[in-house]
Amino acid sequence: MPLDDRIAAVTDRIIARSEGPRGLYLERMRRLADEGPRRVHLTCGNQAHAYAAMGEDKTALVGDRAPNIGIVTAYNDMLSAHQPFKDYPDRIKAAARRVGATAQVAGGVPAMCDGVTQGQVGMELSLFSRDVIALATGVALSHNTFDAALYLGVCDKIVPGLIIAAATFGYLPGLFVPAGPMVSGLPNDEKAKVRQQFAAGEVGRDKLMEAEMASYHGPGTCTFYGTANSNQMLMEFMGLHLPGASFVNPGTPLRDALTEAATERAAAITALGNAYTPVCDILDEKAFVNGIVGLMATGGSTNLVIHLVAMARAAGVILDPADFADISAATPLMARVYPNGLADVNHFHAAGGLAYMIGDLLDAGLLHDDTLTAAGKGLALYAQEPTLKDGALSWADGPRETLNDKILRPAADPFQKTGGLVELSGNLGRGVMKVSAVAAERHVIEAPVAVFEDQADVKKAFQAKQLDRDVVVVVRFQGPKANGMPELHALTPILAVLQDRGHKVALVTDGRMSGASGKVPSAIHVAPEALDGGLIGKLQDGDLVRVDAVEGRLEVLTEGVADREPATPDLSANSHGVGRELFEIFRQAAGPASTGAGVVV
């Protein structure tokens, strides 16, 4: 099937827009690649320091033909998604030795969990942790002793931060190695129901704790389709996982076999062999378009609208929020995974998963097949799925028909004709809305605003019954410059309660919402942010605002708002405590959401 004209048009304009920075980036990568294997440039003293603790691998490391793989790991044992990485380095080193290579843990990166910090002050460090991860990876790889890298990370900011660094070290081949989702627990819709009941005062904290613990109950990624699992999807659509690696549960023989196979592949694609595949050649404009198509077809996390822009900039590719909206308009919504449906990612995987989706989207002409991937040439490789027979790993064609049409449908008969995201623009600025889980009758909300500058005050107003009406809740001074752009997902249960009482409800914010947020219409990532001169900073209680996902408009209808003086909040409380004082320079340097809210890109 020829490439869809709409996808081709967006790709062409991204290529044209990126010509200068992409050309400069590739020129730099080629120059670095031409210097040859990294270790050649180290002195004997440099190398002795690098290999001193490597035991039986010392001889191979000193030689110049054995590939050396750097492992960058986000392991910690507090977070379920990253706990399985504990034993990966030993498994990787053993697999490397079997193919005549070596591997070293180059360094670790922080991995924080938005589930732990949701609604807490620590969330104000969350977005900036992406840039810290990129910096930490840069330090790890700066020892210049590696011929390829394996990136061990899963969750919200971890994969984007690792991608920014992998692109910066784009002359090195690299693969991303996932840990997989935890097995299914309490269904996500039942958990959400208990959260709403708690917010409404209908059940106590004991019932809430019981539901939360039954949902988040073991090693692996959370099973809802939020940012973490959207990251895993992206790594396949963009060709940086091995095919079918994303949603295999931790601690299974197939999971271990895929980790070993990733090691073997990393060794095979270094500049020392005949299949040199640097990351810079994988992360091109077409790969990013494929990733956005995957995001829309699955109804993925709005956080990736920010992260993909930043990730692309690290590879010299310039994305704009309008690219996401136009790709969304051309891409059918093929999946219903919570919060866009009742299924979790394990159910999605069993129904055919990414192999089915990629194959069907390729057949529909909605993906670029002519991409270079870590697995080889062509995205069609990712329409295959791994199998393990008698201990031997192989790949076979994935399903060509959905195995559960309540979870997964073909592009020709989707759940919706367009993807899960719209761009909003108007006199309030630019923002985005995830509409895949929002009922059609709620796509347009026009109501007076209630203005807040702290999400805790929204909860107080709800408890005081001041929001029991048609209302657009505005939470401002939540952008990257103001307080690090925290997620406001903790507001979802109370806004959902208001909505379920029959009120017209919407949220407008220059902050973020969780990738798990869904049913309440939310205009998020509004830019310019309030602290950067955005009109959202001049709104007052009672102003009439229209949030229109049909026409893509975000407007204040009350006259004279632009003539007002902007609000001047006291942000001193956001500048210290729980490490926030360490990030003052990040807040000062952060770019707008529309360019990725980046500090290092």
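So, here is what we can say about the structure in this document. Computed from a predicted model, the values in this text were never measured in an experiment. (Residues numbered from 1 in each chain as written. Predicted model: local features only at pLDDT ≥ 70, side-chain atom pairs only at ≥ 80, totals over all residues. Heavy atoms only, no water.)

**Focus: the overall build of the chain**
Defined as follows: In this text, helices come from DSSP runs of H or I with a minimum length of four residues, and strands from runs of E with a minimum of two, each type numbered from the N-terminal end. Between the two quantities, the radius of gyration covers C-alpha atoms and the globule rule is 2.2 Å times the number of residues to the power 0.38. Partly exposed residues are those whose accessible area sits between 20% and 50% of the maximum for their type, while under 20% is buried and over 50% is exposed, using a 1.4 Å probe and protein chains only. Should any heavy atoms of two residues lie within 4.5 Å, those residues are counted as being in contact. Here, Shrake-Rupley sampling with a 1.4 Å probe gives the accessible areas, and only protein chains in the shown set may cover a residue.
When helices and strands are tallied, the chain shows 21 helices and 16 strands. Radius of gyration (C-alpha) of the chain: 24 Å, near the 25 Å computed for a compact globule of 601 residues. Each principal axis of the C-alpha distribution contributes one length, and for the chain these read about 75 × 50 × 50 Å. For the chain, the residues scored as buried account for 59% of the 601 residues in total. At a minimum sequence separation of 6, the contacts of the chain that also span at least 24 residues come to 77%. Approximately 22,200 Å² of the chain is accessible, and the part contributed by carbon and sulfur atoms is 53%.

**Let's talk about the pairing of strand β16 (residues 553–556)**
What counts here: A pair of strands counts as paired when DSSP detects no fewer than two bridges linking them.
With burial as the criterion, only one face of β16 is covered, namely that bearing L554 and V556; the residues R553 and E555 on the opposite face remain uncovered. Note that strand β15 (residues 544–548) and β16 share four bridges and pair antiparallel. Directly across from V545, in β16, lies its bridge partner V556. Linking β15 back to β16 in an antiparallel pair, the connection comprises four residues, with G552 at a positive phi of about 70°.

**A short note on the side chain of T73**
Looking at the element boundaries, T73 is found in strand β1 (residues 68–73). Looking at T73, the relative accessible area reads 10%, which means it is buried. When sequence neighbours within four positions are dropped, the list of residues in contact with T73 reads F85, V105, G107, G108, V109 and L152.

**Concerning unusual backbone geometry**
Here the bond from Y338 into P339 is cis, since omega is 15°, no more than 30 degrees from zero. Here P339 shows up in the loop between α15 (321–330) and α16 (345–350). Across the junction of A527 and P528, the peptide omega takes the value 0°, indicating a cis bond. Positionally, P528 belongs in the loop between β14 (522–527) and β15. The backbone phi angle of H525 is positive, close to 60°, even though this residue is not glycine. Positionally, H525 belongs in strand β14. Given the relative accessible area of 5%, H525 is considered buried. Of note, the phi angle at V578 is positive, near 55°, even though the residue is not glycine. Relative to the helices and strands, V578 resides in the loop between β16 and α21 (584–589).

**A look at the layout of surface pockets**
To be explicit about the condition: Two kinds of site are reported from a 1 Å grid over the protein atoms alone, namely cavities, where a 1.4 Å probe fits but cannot get out, and pockets, open sets with protein on both sides within 12 Å along at least five of seven lines, and residues are called lining when an atom falls within 4 Å of a point. Grid points are joined across faces, edges and corners, and a volume is the space filled by probe spheres set on the points. For this classification, Asp, Glu, Lys and Arg are treated as charged, while Ala, Val, Leu, Ile, Met, Phe, Trp, Tyr, Cys and Pro are nonpolar and the rest, including Gly, are polar.
As a volume, the second largest pocket reaches approximately 330 Å³. What lines the second largest pocket is a set of 18 residues, and nearest its centre among them are E124, E453, D454, N483 and N574. Along the lines of polarity and charge, the residues of the lining of the second largest pocket split into seven nonpolar, six polar and five charged.

**Some points on the pattern of salt bridges**
We count it as follows: For salt bridges, the criterion is a side-chain nitrogen of Lys or Arg within 4 Å of an Asp or Glu carboxyl oxygen.
Under the counting rule described, the total for this entry stands at 28 salt bridges. Among the salt bridges present, the one from K519 reaches D500, with a minimum N-O distance of 3.3 Å. Of the two residues, K519 is situated in the loop between β13 (505–509) and β14 and D500 in helix α20 (residues 492–500); the sequence distance between them amounts to 19 residues. Across the pair E584 and R587 runs a salt bridge, and its minimum N-O distance is 2.8 Å. A residue pair is termed a helical-turn pair when its members lie 3 or 4 positions apart in one helix, as E584 and R587 do in helix α21 at three residues. Linked through salt bridges whose partners overlap, the residues forming this network are R13, R17, D323 and D326.

**Here we look at the environment of V345**
With respect to the helices and strands, the residue V345 is situated in helix α16. Between the C-alpha atoms of V345 and T223, which are 122 residues apart in sequence, the distance is 5.5 Å. Ignoring anything within four residues of it in the chain, the contact list for V345 reads P181, T223, F224, Y225, N229, F247 and V337.

**Remarks on the sheet that holds strand β3 (residues 148–152)**
Short version of the rule: Note on geometry: axes are C-alpha line fits, over the in-contact stretch for helices, and angles between N-to-C directions span 0 to 180 degrees.
Within the open sheet, the four strands sit side by side as β2-β1-β3-β4. Their pairing is parallel. On the outer flanks of this sheet lie β2 (102–108) and β4 (174–177), each paired with one strand and no other. Put simply, the sheet's adjacent strands are angled 25° from each other on average, direction ignored. When β1 meets β3, the two strands line up parallel, connected through five bridges.

**Some points on the packing of helix α8 (residues 188–199) against helix α9 (residues 205–215)**
We apply this condition: With respect to orientation, any angle under 35 degrees is reported as roughly parallel, any angle over 145 as roughly antiparallel, any angle of 65 to 115 as roughly perpendicular, and every other angle as oblique. Working rule for handedness: look at the near helix, and if it is turned counterclockwise from the far one by less than a right angle, call the crossing left-handed; if clockwise, right-handed.
Packing of α8 against α9 brings their axes to within 9 Å, and their N-to-C directions diverge by 160°. Overall, the two elements α8 and α9 adopt an arrangement that is roughly antiparallel. Between α8 and α9 lies a crossing whose hand is left-handed. Across the interface between the two elements, N188, K191, V194, R195 and F198 from α8 touch R205, K207, L208, A211, E212 and S215 from α9.

**Comments concerning the packing of helix α6 (residues 126–141) against helix α7 (residues 158–168)**
Packing of α6 against α7 leaves a shortest axis separation of 7 Å and a crossing angle of 45°. Judged by the inter-axis angle, α6 sits oblique to α7. Between α6 and α7 lies a crossing of right-handed hand. Contacts from R130, I133, A134, T137 and G138 of α6 reach α7 at I158, P160, G161, L162, I164 and A165.

**Observations concerning the nonpolar core**
Rules: Here, nonpolar core refers to any group of buried Ala, Val, Leu, Ile, Met, Phe, Trp, Tyr and Cys residues whose side-chain atoms link them within 4.5 Å.
Counting 130 residues, the largest nonpolar core has F288, L308, L319 and F324 as its most contacted members. The contact partners of L319, leaving out residues within four places of it in the chain, are I14, R17, F288, I292, L308, V309, A312 and F324. Membership of the second largest hydrophobic core comes to 27 residues, among which are M433, V451, V474 and V561.

**A word on helix α4 (residues 88–98)**
Which entries qualify depends on this criterion: By definition, the arc is the one covered by directions from the helix axis to the C-beta atoms.
The complete set of buried residues in α4 reads Y88, P89, I92, A95 and A96. Along α4, the residues classed as buried sweep out an arc of 130° about the axis, all on the same side. For α4, exposure combined with an orientation more than 90 degrees from the buried face picks out D90 and R98. Those residues of α4 hidden inside the fold are in contact with β1, β2, β3, β4 and α11 (253–268). Among the residues trailing α4, G100 stands out with phi positive, at a value near 75°.

**Describing the packing of aromatic side chains**
This is how it is decided: Only Phe, Tyr and Trp rings are paired, with Trp represented by its six-membered ring, and only when their centres lie within 6.5 Å; those with planes under 30 degrees apart are stacked, over 60 edge-to-face, the remainder tilted.
Throughout the structure, instances matching the rule amount to seven aromatic pairs. With centroids separated by 6.3 Å and ring planes inclined at 5°, the aromatic side chains of F128 and F583 adopt a geometry described as stacked. Taken together, the positions of F128 in helix α6 and F583 in the loop between β16 and α21 put the pair 455 residues apart, joining distant regions of the chain. Here the aromatic cluster, defined as three or more aromatic residues joined through ring pairs, consists of F128, F583 and F586.

By themselves, these figures tell us nothing about what the structure is for.
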